[in-house]
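Observations on chain architecture
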Amino acid sequence: MATIAAIAVPVALGASYLLLAGAAYLVSAAFQPAKPEAPKPEDGKFNLKQSVPPLVYVLGKVKKAGDYAFLEEKGGTAYHITVWAGHHIKGFTQHWLHDEPATLSGGNTVSAPAHFNNKVTILTRLGDAASTAYANIVAAFPTIWTNDHRGDGRATVMMAVKSVDTESLQKTYPSGMPQHSAEGEGHDGLIDPRTAEAGYSENFAVFRYWHLAHPVGAKLTINALHAPDWAHAADVCDETVQNREGDDEPRYHGGMWFRANNDPVNVGRLMDQAADLLIYERADGKVGVHAGEFVEPDVRLTANDIINLNYDPYKRKASNVLAVRGRFTDPEKGYNTVDAAIYGAPYPSDDERTKTVENQAVKRHNHMSRLQKLAYVRARAPRVRILAHYEPARQVPYRRFIRVHMPPKLTEAVIEITGRPTLSLRNLTYEFEGIVVPSTLYAFDATTEEGVPGANVLPVERDDIPVPEGFSPTVEVEEVGGGSSAAFIKAIVDFQNDLFQYELEWQPTASGPVQSALGVAGETEVRSTYLADGVEYRARARTWSTGASSNWTDYVVLTATADPTPPNDVTGVSGTGGAGQITFNWTAPNSANYHGSHLYWHTANVFGAATLAATEYGAPNAADSRIVTGISAGTRYGWVVAINGSGVEADPVATGAITVT
């Protein structure tokens, strides 16, 4: 029973030998190394790499990382196995990579956020007594990980991360190797004192009932706990209350996790504080609990029962608590510790005379607000110390609330017991301390008392690098010396950011090498190298920032034209028909950029519908001729068009009607 005295805070004990045993525990504990406190939410943000980490116990719904059991790389894929809990759990509800919630598609591949590009795979095991090894790990590392590496009784997560090329690294993994954490519903083997059946729960009374009977807690047996008390406490925790928005929520529900080496006293305190539980030893020796509710006292002490009463109104201007702050874990804000609305009115100076209620197992703002009100009322309540005769006070050690009637200071006052009642066998008296509280101690009007919490910093969602806006490539020409010119692509985009660089990519549409050029940061113009004259190209662009790129724009098709000026028209054009052929005759213009002539024919005198039959190259100011065969019989029409080196045409010159036999 000494353990109970250490774990239950506060605790009312009914026998003096227990007090002595409890004192012995505290004395011995003073010479022992301090055990770590229960972990806070921020303690579970990173996967732990340690040779043999203590087991983790998860109660209710929490978000946390895990402990590494395996980390190896093969074939460009990194394989991670982390232990999320040291027992069987109900299931995982959401996976996170860094601060981004992950969506899993077929094959358990991360399909969102999209920047992971289906390169990450996540598999889980819930911690069955006879689990199964991860097949992909066994296949990749058969010499060090076999089918016997099952992880029985451990809830685990396997994450496989594929490598990418250097160009895609920052875009795919902007924060480096993905840091996995998961939201999950924890231990599903908690015994409910109302049904004696094991299952999942978020009820704090069920948590504490399990903790007292578990080796990481008080190490008691279930038979040592008074089940009716605990069943009633579980019912109280399940009661429905309304928050400030009018929504229903359970009175005392939440979630927490801790390690096997965490101090059970601190772990128990979290549960007791979160549900305002008070653990005590009953007259029959079993461990009972007072639920977090007001119970009309059945013990009433009057002036005839009280030997001595010290009353302290506790009204000190220099030290009275004016307000209570609250800190809890908010699932809607990434399971970070956040501040609740202040209960009370802090003094407007550096000395605010406030106290703080902090409990990482609480997950709702209304829940924390109710705990703040309880702390506020108790901190400001009058104090009493009472010495009473044994017979009328013999039930005091087993009660949380009693009634005292001793006018004028106490008229039918409700006293909440705050210390261990002390029994004097010599004098047959009980001495105890308490505070004067209203019978409405647990009443709470959320619409007027809960308040609105302040704004909290939320993780900024990652924005993808934007695609270039206003992408408009054109073919430009410049002199390259010796009277020659060359074509290139000039791309212009809209200004978006001084740090952005824009990349231009081009390639012949008829296949060929892909080339690209990167502009200067902050500049909105990028140009290609010189292009092959007369070749058709497709061009596109993308944005670069801090080593990562955006998606490409759509292709724009362009034709390289080094000389956009057509030569003069040909002269002396004529056409002579023959058997299935036409003989074209013409004189080239005296133009320095003349390169040749296009020959067209058609069955009607319409150039727009004519067919290009041949190209004849020649010198300027020279008579030229070309026979075109494969012409069908009948009256036909021809045209000769001068072209320059870029294929730019002059005006067509007609041959007139031609008879083909």
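Residues numbered from 1 in each chain as written. Predicted model: local features only at pLDDT ≥ 70, side-chain atom pairs only at ≥ 80, totals over all residues. Heavy atoms only, no water.

**Here's the deal with the sheet that holds strand S30 (residues 472–481)**
- If you walk across this open sheet you meet the three strands as S30-S31-S34, and the pairing is antiparallel. Among the strands making up the open sheet, the edge pair consists of S30 and strand S34 (525–527). Each strand of the sheet is rotated relative to its neighbour by a mean of 35 degrees, with strand direction disregarded.
- Bridge analysis of strand S31 (residues 484–492) against S34 gives three bridges, and the strand direction is antiparallel. Its bridge partner lying in S34, Lys490 is registered against Arg527. (Pairing = 2+ DSSP bridges. Helix = DSSP H or I, 4+ residues; strand = E, 2+ residues; numbered from the N terminus. Axes fitted to C-alpha atoms, helices over the stretch in contact; angles between N-to-C directions.)

**Describing helix H6 (residues 227–238)**
- For H6, which comprises twelve residues, the first-to-last C-alpha distance of 16 Å matches the rise-based estimate of 16 Å (1.5 Å per residue) to within 8%.
- Those residues of H6 lying buried are Asp229, Trp230, Ala231, Ala233, Ala234, Val236 and Cys237.
- Tucked into the core, H6 has its buried residues touching helix H5 (204–212), strand S15 (248–250), helix H7 (264–275), strand S17 (278–281) and strand S18 (287–290). (Expected span 1.5 Å × (residues − 1). Buried < 20%, exposed > 50% of the residue type's maximum accessible area, 1.4 Å probe, protein only. Contact = heavy atoms within 4.5 Å.)

**Focus: the packing of aromatic side chains**
- Under the definition given, this model contains 15 aromatic pairs.
- A ring pair is formed by Phe116 and Tyr173, whose centres lie 6.1 Å apart and whose planes are at 50 degrees; its orientation type is tilted. Of this pair, Phe116 sits in the loop between strand S8 (109–112) and strand S9 (120–125) while Tyr173 sits in the loop between helix H4 (166–172) and strand S11 (180–187), and the two are 57 residues apart along the sequence.
- A relative accessible area of 7% places Tyr173 in the buried class. (Phe/Tyr/Trp six-rings, centres within 6.5 Å; stacked < 30°, edge-to-face > 60°.)

**Digging into the nonpolar core**
- In terms of nonpolar packing, the biggest core is built from 57 residues, with Leu59, Phe204, Leu212, Met256 and Phe258 touching the most fellow members.
- Setting aside its immediate chain neighbours within four residues, Met256 contacts Tyr57, Val58, Leu59, Val62, Val267, Leu270, Met271, Ala361 and Lys363.
- Counting 20 residues, the second-largest nonpolar core is a separate cluster that includes Val58, Val62, Phe116 and Ala155. (Core = buried A, V, L, I, M, F, W, Y, C linked by side-chain atoms within 4.5 Å.)

**Some details on the environment of Tyr134**
- Structurally, Tyr134 is set in the loop between S9 and helix H3 (135–140).
- Along the chain, Tyr134 and Trp84 lie 50 residues apart, while their C-alpha atoms are 15 Å from each other.
- Apart from the residues within four sequence positions on either side, Tyr134 is in contact with Ile81, Leu123, Thr124, Arg125, Thr156, Val157 and Met158.
- A polar side-chain atom of Tyr134 sits 3.3 Å from the main-chain amide nitrogen of Arg125. (Polar contact = N/O pair within 3.5 Å; in protein donor to acceptor, adjacent residues only side chain to side chain.)

**Brief notes about the pairing of strand S25 (residues 383–389)**
- Pairing of strand S20 (residues 306–312) with S25 involves six bridges; the strand directions are antiparallel. Bridging across to S25, Asn310 finds its partner in Arg385.
- When S25 meets strand S29 (residues 429–437), the two strands line up antiparallel, connected through seven bridges. Directly across from Arg385, in S29, lies its bridge partner Glu433.

**As for the pattern of salt bridges**
- With the rule as written, the count across this model stands at 31 salt bridges.
- Measuring nitrogen to oxygen at the nearest pair gives 2.5 Å for the salt bridge that ties Arg150 to Asp152.
- Residue Asp192 is joined to Arg194 by a salt bridge in which the shortest nitrogen-to-oxygen separation is 2.9 Å. (Salt bridge = Lys/Arg side-chain N within 4 Å of Asp/Glu carboxyl O.)

Purely geometric stuff here, so don't read any function into it on its own.
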